[in-house]
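So the chains spell out like this:
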Amino acid sequence: MYKVLVFAGTTEGYEICRFLADHQVQTKGFVATEYGSKSLTENEYLTVQTGRLDEAAMEQIFAQEKPEMVLDATHPYAAEVTVNIRTACEKTQIPYRRVLRESGVHEDKAVYVESVQAAAQYLDQTQGNVLLTTGSKELAGFTGMKDYQERLYARVLSLPNVMQACAELGFEGKHLIGMQGPFSRELNAAMLRQYHCKYLVTKDTGKAGGFQDKIDAALECDAVPVIIGRPLKEEGMSVKECKRFLTEHFSLTHQPHVTLLGIGMGSPEMLTVQGKNSLDQADLLIGARRMVDSVKRPGQDVFIEYRSQAIKDYIDSHPEYNNIVIVLSGDVGFYSGAKKLLDVLQQNRQCQGTAQPEIQVQCGISSVVYFMSKIGLSWDDAKIVSAHGRGCNLISYICNEKKVFAILGTSDGVAVLAKKLVEYGMGNVLLYVGENLSYDNEKIFVKTADEMTEYTGDPLSVICAINESAGERLETHGIKDEEFIRGKAPMTKEEVRTVSLSKLRLTEDSICYDVGAGTGSLSIEMALRAHQGKVWAIEKKEDAVELIRQNKVKFAADNLEIIEGLAPEALVDLPAPTHAFIGGSSGNLKEIVKLLIEKNPQVRIVINCITLETVSEALETAKEFGFEENEIVQLSAARSKAIGRYHMMMGENPIYIITLQNPQK
């Protein structure tokens, strides 16, 4: 017993038969010719019957099989067959559904006629060669034209009986083209040019029949499309709508094949062979517009989207797509959205009974591989980072690495970087710049940073910075006091800084406050340690603020921001800190700590106290807020002083270093 009977004979019909069989729905497909039967392979869920049926034969089969529905996916011009199928369904009370090809996009330059005879009458009043693409059955309607054997070029199927029938009508030699379609726009255009055709005759057979490629080719070659309109004004489902209906009707499990494809920089020439094959087989393409437009195939359905959850929701709600390709820039493993997308697509994998897509990841050519080969430099010894849509302290990397590759994301990205390099005394750093890589307007050049401070380029760009002086900057652990620019502002001494920083336990991406920063010595070391994080130096005295600015430039601490003001008011609008150092509180210690833990209950706080009164205030504060980690270290340091040929140890003021933190919940 078959659940669905499908009248095929078109690519849409074949596709629906395969769709049903793949989902284990018992299906019987009907095709009129042996040629059509070759397009379907029988299996345990699909049976194919070949031969033409009249209305009576259809009625008998429907009554015998009693299917749940009949799908009519016959050719748009097979009007008589459609009438017979519908009539047989009405008599046997079997649900009938029409599946129609989507109409192509018509152009204003086209000429529309109602029939083959009307097309012949129109063409008989014109001059110039004509490419006929309506098939062999319609050729007789054009033989009444004067000089038809000289003007007309007929493209038909290359079957012996077809070629013989066309020859009997007078179409021979170069005027008879035997080929199997559908045909690409390029091939249609080549034929129009080869035979110097001024007209192209076609039926509106929809996307699957190659209609749009014919129209596009004709307009490209300044040939007039003569379109024979559809004989029936029908309503029906598209193939996609039909698949969606069948999925809901039979409660089918939707398990599409999803490919995450790295497409390189964007030019089609950068695609791998594997990638090209995947794109050719896709029935849906998803991605950002620039990437989708660069690789989409004619007639391919697209969904312009880059947000992971939106992509998953679309796939889940469109079961009509079986082979989906999500295109990603460059390589899927190089600063790509593939990781997040994979997590989202697989988020229900552990849920029993939940259908999951079959996911394949295919690599592409990354921008670093392409660009470095273009400028003739190796990339195995380069620091590779991205500043596109993310925080990245490029200055820190360039200070410490001789070769840095970075992806940028703004038109002024090169100029901003160059200005900072110049400000920090690195104007001689070489900047290799690459824009629109792999496209026709690709631009690659090299200049020093001091030559690039006013440059405006394309947002789609990368750089490679070469700094021969990298690593000559001071170490980030225990910088000597003498290295800092000092004035009258107080400065946390070297030994105290070392212990205090140890207690802070910074990571490279820490978000830090230095409250009461003084000359900024501790701010600088914090910034150099947390080189991919952020440090805010808060200082109320104007002269001290200027000293911090000077030290920031000297040490190229680009991730250090200076806030002139009094805490806690100056901290209110700052991002939540992971770490905070308090070297001076101006009597507001309790209020400062309260604000810090409101911003982040797990913030790690280190307080330096000189006076016993400040120690007492710190301990009271720790007790009031109930810090679970509460450590006090008393540090006494002494330095030698030469007196003649002797050395005496001169004691520094003792410092109390208090560490407070609540553990992660």
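Details of the structure are given in the entry above.
Read on for a plain summary of the structure.

What counts and what doesn't
Residues numbered from 1 in each chain as written. Predicted model: local features only at pLDDT ≥ 70, side-chain atom pairs only at ≥ 80, totals over all residues. Heavy atoms only, no water. Helix = DSSP H or I, 4+ residues; strand = E, 2+ residues; numbered from the N terminus. Contact = heavy atoms within 4.5 Å. Salt bridge = Lys/Arg side-chain N within 4 Å of Asp/Glu carboxyl O. Buried < 20%, exposed > 50% of the residue type's maximum accessible area, 1.4 Å probe, protein only. Phe/Tyr/Trp six-rings, centres within 6.5 Å; stacked < 30°, edge-to-face > 60°. Pairing = 2+ DSSP bridges. Axes fitted to C-alpha atoms, helices over the stretch in contact; angles between N-to-C directions. Polar contact = N/O pair within 3.5 Å; in protein donor to acceptor, adjacent residues only side chain to side chain. Disulfide = S-S within 2.5 Å. Patch = residues over 30% accessible without salt bridge, like charges linked within 9 Å, V, L, I, M, F, W, Y side chains within 5 Å. Areas by Shrake-Rupley, 256 points an atom, 1.4 Å probe, with all protein chains shown as cover.

**A word on the environment of Phe625**
Mapped onto the elements of the fold, Phe625 is located in helix H22 (residues 612–625). Measuring from C-alpha to C-alpha, the distance between Phe625 and Lys594 comes to 7.9 Å, with 31 residues separating the pair along the chain. Once you skip the residues sitting within four places of it in the chain, Phe625 turns out to touch Lys590, Val593, Lys594 and Ile597.

**Thoughts on the pattern of salt bridges**
In total, this model carries 29 salt bridges according to the counting rule given. Residue Arg193 pairs with Glu220 through a salt bridge whose shortest N-O separation is 2.9 Å. Of this pair, Arg193 sits in helix H8 (residues 185–194) while Glu220 sits in helix H9 (residues 211–220), and the two are 27 residues apart along the sequence. A residue is classified by how much of its surface remains accessible, and Arg193, at 47% relative accessible area, is partly exposed. Overall, Glu220 belongs to the partly exposed group, its relative accessible area being 36%. For Asp280, the salt bridge is made with Arg297, and the minimal N-O distance between the two is 2.8 Å.

**Overview of the packing of aromatic side chains**
Counted according to the given criterion, the structure contains twelve aromatic pairs. Ring pairs connect the aromatic residues Phe334, Tyr335, Phe371 and Phe405, which therefore count as one cluster.

**Here's the deal with the sheet that holds strand E4 (residues 69–72)**
The sheet built from five strands is open, its strands ordered E3-E2-E1-E4-E5 with parallel pairing. Both edges of this open sheet fall to strand E3 (46–50) and strand E5 (96–98), since each of them pairs with a single strand only. Neighbour-to-neighbour, the strand axes of this sheet turn through a mean angle of 20°, independent of strand direction. Across five bridges, the pairing between strand E2 (residues 27–31) and E3 is parallel. Along E3, the bridge assignment pairs Gly29 with Val48. Together, strand E1 (4–7), E2, E3 and E4 form the strand contacts of helix H3 (residues 55–65), whose direction differs from that of E1 by roughly 160°. Relative to the sheet, helix H4 (residues 79–92) contacts E1, E4 and E5, its axis offset from that of E5 by approximately 155°.

**A closer look at the side chain of Thr126**
One can find Thr126 in the loop between helix H5 (116–124) and strand E7 (129–132). On the basis of relative accessibility, which here comes to 14%, the residue Thr126 falls in the buried class. Reaching out from Thr126, the side chain makes a polar contact with the backbone oxygen of Leu123 at a distance of 2.7 Å. A distance of 2.9 Å separates a polar atom in the side chain of Thr126 from a polar atom in the side chain of Arg151.

**A look at the sheet that holds strand E17 (residues 383–386)**
Pairing in this open sheet of five strands is mixed, and the strands run E17-E18-E21-E19-E20 from one edge to the other. Lying at the two open borders of the sheet, with one neighbouring strand each, are E17 and strand E20 (443–448). On average, adjacent strands in this sheet sit at an angle of 15° to one another, irrespective of strand direction. By the bridge criterion, four bridges tie E17 to strand E18 (residues 403–407) in an arrangement that is parallel. Bridged to Lys383 within E18 is Val404. Sheet strands in contact with helix H15 (residues 367–374) are E17, E18, strand E19 (430–435), E20 and strand E21 (461–466), and its direction is about 130° off that of E18.

**Structural notes on the state of the cysteines**
Under the defined criterion, the tally for this structure stands at zero disulfides. With no disulfide of its own, Cys221 has Cys197 as its nearest cysteine by sulfur position, at a separation of 9.3 Å. Here Cys464 stays unpaired: no disulfide links it, and the sulfur of Cys392, its closest cysteine neighbor, is 14 Å away. The buried category is assigned to Cys464, whose relative accessible area is 0%.

**Concerning helix H10 (residues 239–249)**
Turning to H10, its buried residues number three or more, namely Val239, Lys240, Cys242, Lys243, Phe245, Leu246 and Thr247. At its buried positions, H10 is contacted by helix H1 (11–22), E4, E5 and strand E14 (301–304). In the stretch just after H10, Ser251 is the one whose phi turns positive, near 50°.

**Observations concerning the pairing of strand E29 (residues 646–651)**
Of all six residues in E29, zero are buried, a share of ten percent or less. Judged from the six bridges that link them, strand E28 (residues 638–643) and E29 form a sheet pairing that is antiparallel. Bridging across to E29, Lys641 finds its partner in Met648. With antiparallel pairing between neighbouring strands as the criterion, E28 and E29 make up a hairpin whose turn holds two residues, including Gly644 at a positive phi of roughly 65°.

**Thoughts on unusual backbone geometry**
Of note, the bond from Ala567 into Pro568 is cis; its omega dihedral lies within 30 degrees of zero at 10°. Structurally, the position occupied by Pro568 is in the loop between strand E24 (560–564) and strand E25 (579–582).

**Notes on a nonpolar patch on the surface**
On the surface, a nonpolar cluster with roughly 270 Å² of combined accessible area is contributed by Ile643, Met648 and Met650. Structurally, the position occupied by Met648 is in strand E29.

**A few points about the side chain of Arg604**
Looking at the element boundaries, Arg604 is found in strand E26 (residues 604–609). Taking relative accessible area as the criterion, Arg604 reaches 3% and is therefore assigned buried. Leave out the neighbours within four places in its chain, and Arg604 touches Lys503, Leu504, Arg505, Thr578, His579, Ala580, Glu629, Thr659, Leu660 and Gln661.

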